[in-house]
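Inside the fold
What follows is the residue order along each chain.
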Amino acid sequence: YSGRLGHGGGEDQLRPKRIEALVAQRIIAVAAGGDHCLAVTADGKVYSWGRGECGQLGHGKRSSERIPDTEPLPRRIMSLRKQRVIAVAAGGLHSLAVTADGLVWSWGAAGEGKLGHGTEDNQMRPKKIKELTGQRIVAVAAGHYHSFALSADGILWGWGRGYG
């Protein structure tokens, strides 16, 4: 059970079904990772849902090994409430966001350095990637073990696991 579809349960959906919890919002971007998802509203709010045992939902929860943190319905990431997010990416166990001022934030599992903070310490809440400050990032992408950021000048930045 992960609630990755955002309908409030773990049932499969064989046909597209509207995410009722987001009906009042105008969604401009969405990203789907391994067992979690992210959505951005027109006014820059970010919602996450699904499984979040490594912090990839960004709500600050820590889980036990037996019962992973889950959010079966979209929930706003309150630690980004002062930011206007324009883009998101969802990796296997980590998440990325770009703000209107060109900054990149990352959270979740940090193995292989995929969060870009110079450590392998998981982040339960979004944390700004200091190395990219001043680069005017416009887009991000997240793989299972790696991440990318694209600047307005067309420079591509990559970090994380570089092998196998």
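Parameters and conventions
Residues numbered from 1 in each chain as written. Predicted model: local features only at pLDDT ≥ 70, side-chain atom pairs only at ≥ 80, totals over all residues. Heavy atoms only, no water. Core = buried A, V, L, I, M, F, W, Y, C linked by side-chain atoms within 4.5 Å. Buried < 20%, exposed > 50% of the residue type's maximum accessible area, 1.4 Å probe, protein only. Helix = DSSP H or I, 4+ residues; strand = E, 2+ residues; numbered from the N terminus. Pairing = 2+ DSSP bridges. Axes fitted to C-alpha atoms, helices over the stretch in contact; angles between N-to-C directions. Patch = residues over 30% accessible without salt bridge, like charges linked within 9 Å, V, L, I, M, F, W, Y side chains within 5 Å. Areas by Shrake-Rupley, 256 points an atom, 1.4 Å probe, with all protein chains shown as cover. Salt bridge = Lys/Arg side-chain N within 4 Å of Asp/Glu carboxyl O. UniProt positions renumbered as here; feature names shortened; annotations may be inferred. Disulfide = S-S within 2.5 Å. Phe/Tyr/Trp six-rings, centres within 6.5 Å; stacked < 30°, edge-to-face > 60°. Lys NZ or Arg CZ within 6 Å of the ring centre and 35° of its normal.

Notes on the nonpolar core
In terms of nonpolar packing, the biggest core is built from 14 residues, with Val 46, Leu 80, Val 85, Val 88 and Trp 107 touching the most fellow members. Those elements that place two or more of their residues in this core are strand E1 (27-32), strand E2 (36-41), strand E5 (85-90) and strand E7 (104-108). The leading source of residues in this core is E5, at three residues. Counting residues in hydrophobic clusters, the runner-up holds eleven residues, among them Leu 96, Val 104, Val 140 and Trp 159.

Some thoughts on the sheet that holds strand E3 (residues 46-51)
What the four strands build is an open sheet, ordered E1-E2-E3-E4; its pairing is antiparallel. At either end of the open sheet lies a strand with only one pairing partner, and these are E1 and strand E4 (70-76). Direction aside, the axes of adjacent strands within the sheet are offset by 10° on average. Two elements, E3 and E4, share four bridges in a ladder whose sense is antiparallel.

Focus: a nonpolar patch on the surface
A contiguous nonpolar surface patch, about 330 Å² in accessible area, is contributed by Val 138, Phe 148, Leu 150 and Leu 156. Tracing the backbone shows Val 138 in strand E9 (residues 137-142). Taking relative accessible area as the criterion, Val 138 reaches 41% and is therefore assigned partly exposed.

A few points about the UniProt feature "repeat: RCC" (unreviewed entry) in the protein
Mapped onto the present numbering, the UniProt feature "repeat: RCC" (unreviewed entry) falls at residues 1-43, 44-101 and 102-153. Annotation note: span residues 102-153, helix share 0%, strand share 44%, distance between end C-alpha atoms 12 Å.

Some details on the sheet that holds strand E6 (residues 94-99)
Strand order in the open sheet formed by four strands is E5-E6-E7-E8, and the pairing between neighbours is antiparallel. The open sheet has two free edges, formed respectively by E5 and strand E8 (123-128), since each of these has just one partner strand. Averaged over neighbouring strand pairs, the angle between their axes works out to 15° when direction is ignored. Here E6 pairs with E7 via five bridges, running antiparallel. In the strand pairing of E7, Ala 97 is matched with Trp 105.

Focus on the pairing of E9
Strand direction decides the pairing type here: E9 and strand E10 (residues 146-151), joined by five bridges, are antiparallel. When the bridges of E10 are listed, Ala 141 appears paired with Phe 148. The antiparallel pairing of E9 with E10 creates a hairpin that spans three residues between the two strands.

Examining the state of the cysteines
Taken as a whole and assessed by the stated rule, the structure comprises zero disulfides. A disulfide-free cysteine, Cys 37 has its sulfur positioned 16 Å from the sulfur of Cys 54, the nearest such atom. Residue Cys 54 is classed as buried on the basis of its relative accessible area, which comes to 15%.

Observations regarding the packing of aromatic side chains
Counting across every chain of the model gives zero aromatic pairs. When the ring centre of Tyr 145 is taken as origin, the NZ or CZ atom of Arg 161, which lies over that ring, is 4.5 Å away.

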